[in-house]
Amino acid sequence: MFAVVLGAGYLAACVIWPFCACRHCGGTGRLLSPTGRAWRHCPHCAGTGAKLRLGRRIYNHLKHTHDRGRTTRRPH
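Thresholds, definitions, all that
- Residues numbered from 1 in each chain as written.
- Predicted model: local features only at pLDDT ≥ 70, side-chain atom pairs only at ≥ 80, totals over all residues.
- Heavy atoms only, no water.
- Disulfide = S-S within 2.5 Å.
- Buried < 20%, exposed > 50% of the residue type's maximum accessible area, 1.4 Å probe, protein only.
- Phe/Tyr/Trp six-rings, centres within 6.5 Å; stacked < 30°, edge-to-face > 60°.
- Lys NZ or Arg CZ within 6 Å of the ring centre and 35° of its normal.
- Helix = DSSP H or I, 4+ residues; strand = E, 2+ residues; numbered from the N terminus.

**Concerning the state of the cysteines**
(1) Moving on: Evaluated as defined, the whole model comprises zero disulfides.
(2) Moving on: The thiol of cysteine 25 is unpaired, and the distance to the nearest cysteine sulfur, on cysteine 45, comes to 3.8 Å.
(3) Moving on: In this structure cysteine 45 is not part of a disulfide, and its nearest cysteine sulfur, from cysteine 42, lies 3.8 Å away.
(4) Moving on: Assessed through its relative accessible area of 7%, cysteine 45 is described here as buried.

Take a look at the structure:
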């Protein structure tokens with residue numbers, strides 16, 4: 001029962017807040033360069049500081065797969 005409540009809460013979080021802070025840059029969108037003198041954009045989030053949650057990526061994939069199956073082609 002607890003797992004169902006926890007899963008429902010995670011699904012609700014994926015719908016309400018689809019993005020989470022990037023773990024590599026801590027949500028800032030930038031990292032210190034190897035020399036330590038300059039900042040550069042985080043390559044994992046492309047400098048946005050946010051990444052899609054895993055549950056939202058799965059939802060988007062399933063929705064795209066479902067939508068792809070619903071398209072009809074017009075006969076030529």
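**A few points about the packing of aromatic side chains**
Within a pair of aromatic rings, the relevant descriptors are the distance that separates the centres and the angle that separates the planes.
(1) Moving on: Taken as a whole and assessed by the stated rule, the structure comprises zero aromatic pairs.
(2) Moving on: Stacked on the ring of tryptophan 39, the Lys or Arg arginine 30 has its end atom at 4.2 Å from the ring centre.

**Notes on the environment of cysteine 25**
(1) Moving on: Inspection of the secondary structure assignment puts cysteine 25 in the loop between strand S1 (19-21) and strand S2 (30-32).
(2) Moving on: Taking the relative accessible area as the measure of exposure, cysteine 25 reaches 10% and is therefore buried.
(3) Moving on: Expressed as a C-alpha distance, the spacing of cysteine 25 and cysteine 42, which sit 17 residues apart in the sequence, is 6.4 Å.

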